[in-house]
Amino acid sequence: MPSTEIAAMSGVVRFPRSQGHTTLAYVSQSVNASPFICSESVREQGFVRAAEECGYGDGDVTVIPSLRNAGEQVEQDMYSGIVAQLLSAVRTPTGICVSCDAAAVPLIKEMRRMGWRVPQDASVIGFDDDISAAVADLTTVHQNPVQIGREAAHKALALMNGQTLDEPFITMPTSLVLRSTTERVAVH
């Protein structure tokens, strides 16, 4: 199993834990049916595993599946449905990880429209560090797509040349980029 996503999610979960967050959520995005391991499903598995390792219990973690497959036609309706699920969780999450920045930004917009203050009521972390993350000042996981592409091409060329890979999977470096969508939980 690719371990870059797993390693990155470990850091994503440890950060809100260190900031005092006792409840978490992971918001998935749609995954096309494929026989290949997809980073989305691996990210979700890594998140759940990291939450367990950090001591979060079953009632402390909510996983929100994508609503794209639920027939939602309007993007705002889809994000409104996600916010409704977050707000109606048994324990409302104060730390939310979204599987990609392109989904985190509109989710934050909908959270704010519904009266949820980010980061005061909930910290939000994205994944990929794409251009939307910088524009929205989103805390996110940075990875280097050029380096990932080079490694993938190197491995593909080796396989096409009949070589056996010593390491079929490698862990690529990631880092958490802290911006304004996360903060320490206020002590009451």
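Everything that follows concerns the structure shown earlier in this document.
Residues numbered from 1 in each chain as written. Predicted model: local features only at pLDDT ≥ 70, side-chain atom pairs only at ≥ 80, totals over all residues. Heavy atoms only, no water.

### Overview of the pattern of salt bridges
Move 1: On inspection of all chains with the given rule, the structure shows 5 salt bridges.
Move 2: One salt bridge connects Glu110 with Arg113, and the closest N-O pair in it is separated by 2.8 Å. Of this pair, Glu110 and Arg113 both sit in helix α4 (residues 101-113), 3 residues apart, which is roughly one turn of that helix.
Move 3: With a closest N to O distance of 2.8 Å, Asp121 and Arg117 form a salt bridge. (Salt bridge = Lys/Arg side-chain N within 4 Å of Asp/Glu carboxyl O. Helix = DSSP H or I, 4+ residues; strand = E, 2+ residues; numbered from the N terminus.)

### Remarks on the packing of helix α3 (residues 75-87) against α4
Move 1: Interaxial distance between α3 and α4 falls to 9 Å at its minimum, and their mutual angle equals 70°. With respect to each other, α3 and α4 are oriented roughly perpendicular. On α4, the residues touching Glu75, Gln76, Tyr79, Ser80, Ile82 and Val83 of α3 are Ala102, Ala103, Pro106, Leu107, Glu110, Met111 and Arg113.
Move 2: Looking at side-chain class alone, the contact of α3 with α4 contains 8 nonpolar, 2 polar and 3 charged residues. (Axes fitted to C-alpha atoms, helices over the stretch in contact; angles between N-to-C directions. Parallel < 35°, antiparallel > 145°, perpendicular 65-115°, else oblique. Contact = heavy atoms within 4.5 Å. Nonpolar A, V, L, I, M, F, W, Y, C, P; charged D, E, K, R; others polar.)

### Focus: the environment of Gly57
Move 1: Turning to its location among the elements, Gly57 is positioned in the loop between α2 (39-53) and β2 (61-64).
Move 2: The exposure class assigned to Gly57 is partly exposed, which follows from its relative accessible area of 29%.
Move 3: A C-alpha to C-alpha distance of 9.1 Å links Gly57 and Thr23, two positions 34 residues apart in sequence. (Buried < 20%, exposed > 50% of the residue type's maximum accessible area, 1.4 Å probe, protein only.)

### Focus on the sheet that holds β2
Move 1: Taken in spatial order, the 6 strands of this open sheet run β2-β1-β3-β4-β5-β6, and their pairing is mixed. The sheet terminates laterally at β2 and β6 (174-177), the two strands that pair on one side only. Direction aside, the axes of adjacent strands within the sheet are offset by 20° on average.
Move 2: The sheet contact formed by strand β1 (residues 24-27) and β2 spans 4 bridges and is parallel. Following the sheet pairing, Tyr26 is matched in β2 by Val63.
Move 3: The strands touched by α2 within the sheet are β1, β2, β3 (95-98), β4 (123-128) and β5 (139-143), with β1 carrying the most contacts at an inclination of about 170°.
Move 4: Helix-sheet contacts for α4 involve β1, β3, β4 and β5, and the interaxial angle to β4 is about 160°. (Pairing = 2+ DSSP bridges.)

### Re the environment of Ile148
Move 1: Positionally, Ile148 belongs in helix α6 (residues 145-160).
Move 2: Overall, the relative accessible area of 31% leaves Ile148 in the partly exposed class.
Move 3: Spatially, the C-alpha atoms of Ile148 and Pro173 are 9.5 Å apart, while their sequence positions differ by 25 residues.
Move 4: Those residues within four positions of Ile148 in sequence are excluded, and the remaining contacts are Gln143 and Met172.

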